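Tertiary structure, described
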Amino acid sequence: MNKVIIFFALIGLLSAKCDVNAQKLVNSYNAVVGCKDNHIIMKNGQKLLYDDGKAKGFKELLNHADIEDMFKYKYPKNFVWQMPKNYDPGRIRNEKFFRAIYGNSAKEVRANLTKIRWVDGSLITVTKKEGVARALQEVVNELRQYPQLKKFLSPIGGTFKWRYIAGTKRLSVHSFGAAIDINVKYSAYWRWSKGKPFRNKIPKTVVQTFEKHGFIWGGKWNHFDSMHFEYRPEISD
């Protein structure tokens, strides 16, 4: 009988789970208004399961992450070159969450896109939801103070495009207009490396400027993607 009581007590704890990371989502996104009974509550009334209670290996985290799993790896503030195996802070994403934030289809996302001028004067397309365009404009304003960095930033590799991540059936954050790839010429990408270790060429000032305004950098992933920045204020703080 005692085991039965303990079992249901644990189930009750799981159903009520709303931790400090759930609060970070509330603090970071206007569309998130709370967490209750193990669900993230959206402004439109939608409820998203926070923690499914399942233990997951790395591939399972990539392909079937719950919202809590997005905080699995702490994003480092220091400027690091080599991450431990499979340590990819921010690369673990719950697609339902991003669809709820930015749009459930390409059409819905496009309805909230806007254009800003990049450091080279070209127009780039990003979402205006959740202050992404505003944050990226702040990045542009600061990076324009460093003309010597322009070659690393321009031409861009891309912003909005509704597409899967290469080699997967998972939507890229580019699909939501909340990511930018800078100049591919100076970038390193794990799929192109053929097993060679990460050799970074992106200046520290570029990375820290993006991070200051809520973006994370793919160069801090073991599966590195140093051209890539995405708006993730919940884990970049």
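Residue positions are counted from 1 within each chain, in the order its sequence is given. A pLDDT threshold of at least 70 governs which residues receive local features in this predicted model, and a stricter bar of 80 or more applies before side-chain atom pairs are shown or counted, although totals over entire chains, interfaces and linings include all residues. To obtain the side-chain values, all non-hydrogen atoms of the structure were used and water was disregarded.

Before going further, it helps to spend a moment on the overall build of the protein. Put simply, DSSP marks the helices as runs of H or I at least four residues long and the strands as runs of E at least two long, and each gets a number from the N terminus on. Looking only at helices and strands, one finds 10 helices and 8 strands in the protein. Here the C-alpha coordinates of the protein stretch approximately 70 × 40 × 30 Å along the principal axes. The rule is simple: take the accessible area with a 1.4 Å probe, protein chains only, and divide by the maximum for that residue type; under 20% is buried, over 50% is exposed, in between is partly exposed. Taking all 237 residues of the protein together, the buried fraction comes to 52%. Surface accessibility in these figures is a Shrake-Rupley result with a 1.4 Å probe; residues are shielded only by whichever protein chains are displayed. For the protein, the computed accessible surface area is about 12300 Å², with 53% contributed by carbon and sulfur atoms. Lys and Arg are tallied as positive, Asp and Glu as negative. Neither His nor the chain termini are counted. Each charge is placed at NZ for Lys, CZ for Arg, CG for Asp and CD for Glu. Between the mean site of the 41 positive side-chain charges and the mean site of the 21 negative ones, the protein shows a separation of 6 Å.

What follows deals with the sheet that holds strand β1 (residues 32-36). Two strands form a pair only when DSSP identifies at least two bridges running between them. Spatially, the 3 strands line up as an open sheet ordered β1-β2-β3, and their pairing is antiparallel. Two strands bound the open sheet, and with one partner strand each, they are β1 and β3 (47-49). In this sheet, adjacent strand axes meet at a mean angle of 25° when their direction is disregarded. Looking at chain direction, β1 and strand β2 (residues 39-42) are connected through 4 bridges and run antiparallel. Axis angles are defined between N-to-C directions and span 0 to 180 degrees, where every axis is a line fitted to C-alpha atoms and, for a helix, only to the segment in contact.

What follows is about the confidence of the model for the protein. Chain-level pLDDT for the protein is 92 on average; 93% of the residues reach the 70-or-more range. A score from 0 to 100, pLDDT tells how confident the predictor is in each residue. Contact criterion: two residues are considered in contact whenever any of their non-hydrogen atoms come within 4.5 Å of each other. Residue range residues 1-15 is modelled with pLDDT below 50. Its contacts to residues more than four positions away, or to other chains, number 5 contacts.

Another aspect to go through is the state of the cysteines. Note on terminology: pairs of cysteine sulfur atoms within 2.5 Å are recorded as disulfides. If you walk through the whole model with that rule in mind, you get 1 disulfide. A sulfur-sulfur separation of 2.1 Å characterises the disulfide bridge that pairs Cys18 with Cys35. Judged by the torsion about the S-S bond (-80°), the Cys18/Cys35 disulfide is left-handed. With Cys18 in the loop between α1 (2-15) and α2 (20-28) and Cys35 in strand β1, this pair connects stretches of sequence that are 17 residues apart. Relative accessible area serves as the criterion here: at 33%, Cys18 is assigned to the partly exposed category. You can call Cys35 partly exposed: its relative accessible area is 23%.

With that settled, consider helix α6 (residues 132-143). Multiplying 1.5 Å by the helix residue count minus one yields the expected span of that helix. Here α6 is 12 residues long and its end C-alpha atoms lie 17 Å apart, about the 16 Å a rise of 1.5 Å per residue gives. Turning to α6, its buried residues number three or more, namely Val132, Ala133, Ala135, Leu136, Val139, Val140, Glu142 and Leu143.

To continue, consider the pattern of salt bridges. Salt bridge, as applied in this entry: a Lys or Arg side-chain nitrogen positioned within 4 Å of an Asp or Glu carboxyl oxygen. Across all of its chains, the model carries 12 salt bridges by this definition. The partner of Glu230 in a salt bridge is Arg93, and the shortest N-O contact between them spans 2.6 Å. With Glu230 in strand β8 (residues 228-231) and Arg93 in the loop between α3 (58-64) and α4 (95-102), this residue pair connects regions lying 137 residues apart in the sequence. Exposure remark for Glu230: the relative accessible area of 0% places this residue in the buried category.

To continue, consider the packing of aromatic side chains. Two measures describe an aromatic ring pair: the distance that separates the ring centres and the angle between the ring planes. Here the aromatic set is Phe, Tyr and Trp, taking the six-membered ring for Trp, and pairing holds for ring centres within 6.5 Å; pairs whose planes are under 30 degrees apart are stacked, those over 60 apart are edge-to-face, and all others are tilted. Per the counting criterion, the structure on display carries 16 aromatic pairs. Here the aromatic rings of Tyr189 and Trp190 are separated by 6.4 Å at their centres, their planes lie at 70°, and the arrangement is edge-to-face. Pairwise contacts between aromatic rings join Trp118, Phe198, Phe210, Phe215, Trp217, Phe224, Phe229 and Tyr231 into one cluster.

Attention now goes to the sheet that holds strand β7 (residues 215-217). In spatial order, the strands read β6-β8-β7; together these 3 strands make up an open sheet with antiparallel pairing. Only two strands of the sheet have a single neighbouring strand rather than two, namely β6 (179-181) and β7. Taking the axes of each pair of neighbouring strands and ignoring which way they run, one obtains an average angle of 20° across the sheet. Pairing between β7 and β8: 3 bridges, direction antiparallel. Bridge pairing in β8 links Trp217 to Phe229. Each of β6, β7 and β8 touches α6; the most contacted strand, β7, lies at about 65° to it.

Attention shifts here to the environment of Ile40. Looking at the secondary structure, you find Ile40 in strand β2. Given the relative accessible area of 0%, Ile40 is considered buried. Placed 14 residues apart in sequence, Ile40 and Val26 show a C-alpha to C-alpha distance of 8.7 Å. Those residues within four positions of Ile40 in sequence are excluded, and the remaining contacts are Ala22, Leu25, Val32, Gly34, Cys35, Gln46, Lys47, Leu48, Tyr50 and Ile67.

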